[in-house]
Amino acid sequence: MIVIGATNFPDAVDPALLREGRFDRKIQLKLPALVDREALFRLYAKKVKTVGELGYARLARLTTGLTPAAIAYVVNHAALISARNEQLDVPMANFIEAIEVCRMGEVNGSSSALTEGERERVAVHEAGHAIIAQVMNVGRVEKVTILSRGGALGVTLITQTEDKQLHLKSELQNRIQMLLGGRAAELITYDDASSGAASDLKEASRLALSMVATLGLSDKGTLFSLDALRELHLKPDATTAVAQAETILAAQNEQCLATLRELRGALVELTAKLVEHETLDGKEVAQVISNARAAHCTAGM
């Protein structure tokens, strides 16, 4: 008899289950790559009635990092959207919307409860994220919206152009800048920050601390990993690591602010467009930044 178990949290499995004669072999399954995700979409899409030939390559690109179960959910939710709209078939647009729901959450209607001032601040915040993501090449900016989705008042959807297993120090620093971009844009525009950056700060802090405490990517060259202490069941003292992580955050925040000050024209224009249209495509973001850079160069001549 062979007993097979599966978990997404192998570190949380009771050690007693991993003793010899029990679950004594571990097989690591990686997330599906680009070609795998395209094949999964082709497989699951057979279960629904689609409209014409779907853009499977685009669907695969938009779902970097998703599990097969999440891809199955996307297909099922696309069919649900068609049912809600009283459509007999499932068009490509419904698949895209389903991916956005999977990544960003449902549009929850909270935007209608915001004041005009809050709505504009959300637009400034998301414009800051989008500009830094585009300039620092953090990923492909697919969409920016000030419509409330999930628990967020606004969302900047960024996808990865390739499946990567290794991440350079510079790439992690750029991602931290992107996370700080919303708060930085608020500071530049209003000279005052808001509570809207709480989740961004949490993720940026986690990333900076990982660089210092486990990845050996501290600016001070610290190589000791706190994970070594945890494996020895010793209580780590994270004081020094937290201080070094704060140094990384401060440095990336300054660079982020400098970039947004240089592209303040883009920040103003993107904010105005978001307030007016609520949702912008990534191509519009790139065009606004390109125009702002061209104007900046002309003014400097």
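Scope of this entry: the structure provided in the associated data block. Predicted model only: the values in this text are computed from it and were never measured. (Residues numbered from 1 in each chain as written. Predicted model: local features only at pLDDT ≥ 70, side-chain atom pairs only at ≥ 80, totals over all residues. Heavy atoms only, no water.)

## Notes on the overall build of the protein chain
Phase 1: If you tally the helices and strands in the protein chain, you get 11 helices and three strands.
Phase 2: Starting at the N terminus, the α and β elements of the protein chain follow one another as α-α-α-α-α-β-β-α-α-α-α-α-β-α.
Phase 3: Carbon together with sulfur atoms contributes 55% to the accessible area of the protein chain, which is approximately 17,700 Å² in total.
Phase 4: Both charge centroids of the protein chain, one from 33 positive and one from 37 negative side chains, sit 5 Å from each other. (Helix = DSSP H or I, 4+ residues; strand = E, 2+ residues; numbered from the N terminus. Areas by Shrake-Rupley, 256 points an atom, 1.4 Å probe, with all protein chains shown as cover. Lys, Arg positive; Asp, Glu negative; His and termini not counted. Charge placed at Lys NZ, Arg CZ, Asp CG, Glu CD.)

## Description of the side chain of Thr259
Phase 1: With respect to the element layout, Thr259 can be found in helix α9 (residues 239–262).
Phase 2: The class for Thr259 is buried, based on a relative accessible area of 15%.
Phase 3: Those residues in contact with Thr259 that sit more than four places away from it in its chain are Ile132 and Val135. (Buried < 20%, exposed > 50% of the residue type's maximum accessible area, 1.4 Å probe, protein only. Contact = heavy atoms within 4.5 Å.)

## Some words on the nonpolar core
Phase 1: Within the largest apolar cluster, 49 residues are counted, with the highest numbers of intra-cluster contacts made by Ile131, Ile176 and Leu260.
Phase 2: Counting only elements with at least two residues in this core, the list comes to α5 (116–135), β1 (140–145), α6 (169–190), α7 (198–213), α8 (226–231), α9, α10 (264–277) and α11 (282–300).
Phase 3: Formed by 22 residues, the second largest nonpolar core is a distinct cluster that contains Phe41, Ala45, Leu54 and Ala72. (Core = buried A, V, L, I, M, F, W, Y, C linked by side-chain atoms within 4.5 Å.)

## Description of the packing of α6 against α7
Phase 1: With their axes 9 Å apart at the nearest point, α6 and α7 run at an angle of 160 degrees to one another. In this view, α6 runs roughly antiparallel relative to α7, as classed from their interaxial angle. Crossing of α6 over α7 shows left-handed handedness. Across the interface between the two elements, Lys169, Leu172, Gln173, Arg175, Ile176, Leu179, Leu180 and Arg183 from α6 touch Asp200, Leu201, Glu203, Ala204, Leu207, Ala208 and Met211 from α7.
Phase 2: Tallied by class, residues from the contact of α6 with α7 come to nine nonpolar, one polar and five charged. (Axes fitted to C-alpha atoms, helices over the stretch in contact; angles between N-to-C directions. Parallel < 35°, antiparallel > 145°, perpendicular 65-115°, else oblique. Left-handed = near helix turned anticlockwise from the far one by under 90°. Nonpolar A, V, L, I, M, F, W, Y, C, P; charged D, E, K, R; others polar.)

## Topic: the sheet that holds strand β3 (residues 279–281)
The pairing of strands in a sheet comes from backbone hydrogen bonds and takes either a parallel or an antiparallel form.
Phase 1: Spatial strand order, β2-β1-β3: three strands in an open sheet with antiparallel pairing. Each edge of the open sheet carries a strand with a single partner, namely β2 (155–159) and β3. Here the average twist between neighbouring strands, direction ignored, is 15 degrees.
Phase 2: Two strands pair when backbone bridges link them, and β1 and β3 are joined in this way by three bridges, in the antiparallel orientation. By the bridge assignment, Thr145 is partnered in β3 with Thr279.
Phase 3: Along the sheet, α5 contacts β1 and β2; its crossing angle with β1, the most-contacted strand, is approximately 170 degrees. (Pairing = 2+ DSSP bridges.)

## With respect to the pairing of β2
Phase 1: With five of its five residues buried, β2 lies for the most part within the structure.
Phase 2: Side chains Val155, Leu157 and Thr159 of β2 all project onto a buried face; the interleaved residues Thr156 and Ile158 project onto the opposite face, where all are buried too.
Phase 3: As judged from the five bridges shared by β1 and β2, these two strands associate in the antiparallel manner. Within the sheet, the bridge partner assigned to Lys143 lies in β2 and is Leu157.

## Details of unusual backbone geometry
Phase 1: Unlike most non-glycine residues, Glu86 shows phi in positive territory, near 60 degrees.
Phase 2: Positive phi, normally seen in glycine, also occurs at His233, with a value near 60 degrees.
Phase 3: Topologically, His233 is positioned in the loop between α8 and α9.
Phase 4: The exposed category is assigned to His233, whose relative accessible area is 73%.

## Regarding the packing of aromatic side chains
Phase 1: This model, assessed by the stated rule, comprises zero aromatic pairs.
Phase 2: Sitting above the plane of the Tyr190 ring, Arg121 keeps its charged end 4.2 Å from the centroid. (Phe/Tyr/Trp six-rings, centres within 6.5 Å; stacked < 30°, edge-to-face > 60°. Lys NZ or Arg CZ within 6 Å of the ring centre and 35° of its normal.)

## Remarks on helix α3 (residues 68–84)
Phase 1: Between its first and last C-alpha atoms α3 spans 24 Å; for 17 residues at 1.5 Å apiece the expected length is 24 Å, and the two agree.
Phase 2: Among the structural elements, α1 (34–45) and α4 (92–104) are those in contact with the buried residues of α3.
Phase 3: Glu86 sits one or two positions beyond α3 and adopts a positive phi of about 60 degrees. (Expected span 1.5 Å × (residues − 1).)

## Structural notes on a nonpolar patch on the surface
Phase 1: Together, Met1, Val3, Leu17, Leu18 and Phe23 line one region of the surface with nonpolar side chains, adding up to about 540 Å² of accessible area.
Phase 2: As for its position among the elements, Met1 is in the segment before α1.
Phase 3: Given a relative accessible area of 98%, Met1 falls into the exposed group. (Patch = residues over 30% accessible without salt bridge, like charges linked within 9 Å, V, L, I, M, F, W, Y side chains within 5 Å. Salt bridge = Lys/Arg side-chain N within 4 Å of Asp/Glu carboxyl O.)

## Some thoughts on the pattern of salt bridges
Phase 1: Summed over all chains, the structure comprises 14 salt bridges.
Phase 2: The partner of Glu278 in a salt bridge is Arg119, and the shortest N-O contact between them spans 3.2 Å. Of this pair, Glu278 sits in the loop between α10 and β3 while Arg119 is found in helix α5, placing the two residues 159 residues apart along the sequence.
Phase 3: In this structure Arg119 comes out as buried when scored by relative accessible area, which is 15%.
Phase 4: Residues Asp219 and Lys169 are paired through a salt bridge, measuring 3.0 Å at the closest nitrogen-oxygen approach. Taken as a pair, Asp219 in the loop between α7 and α8 and Lys169 in helix α6 lie far apart in primary sequence, 50 residues in all.

In short, the description is geometric, and any link to function would need to be established separately.
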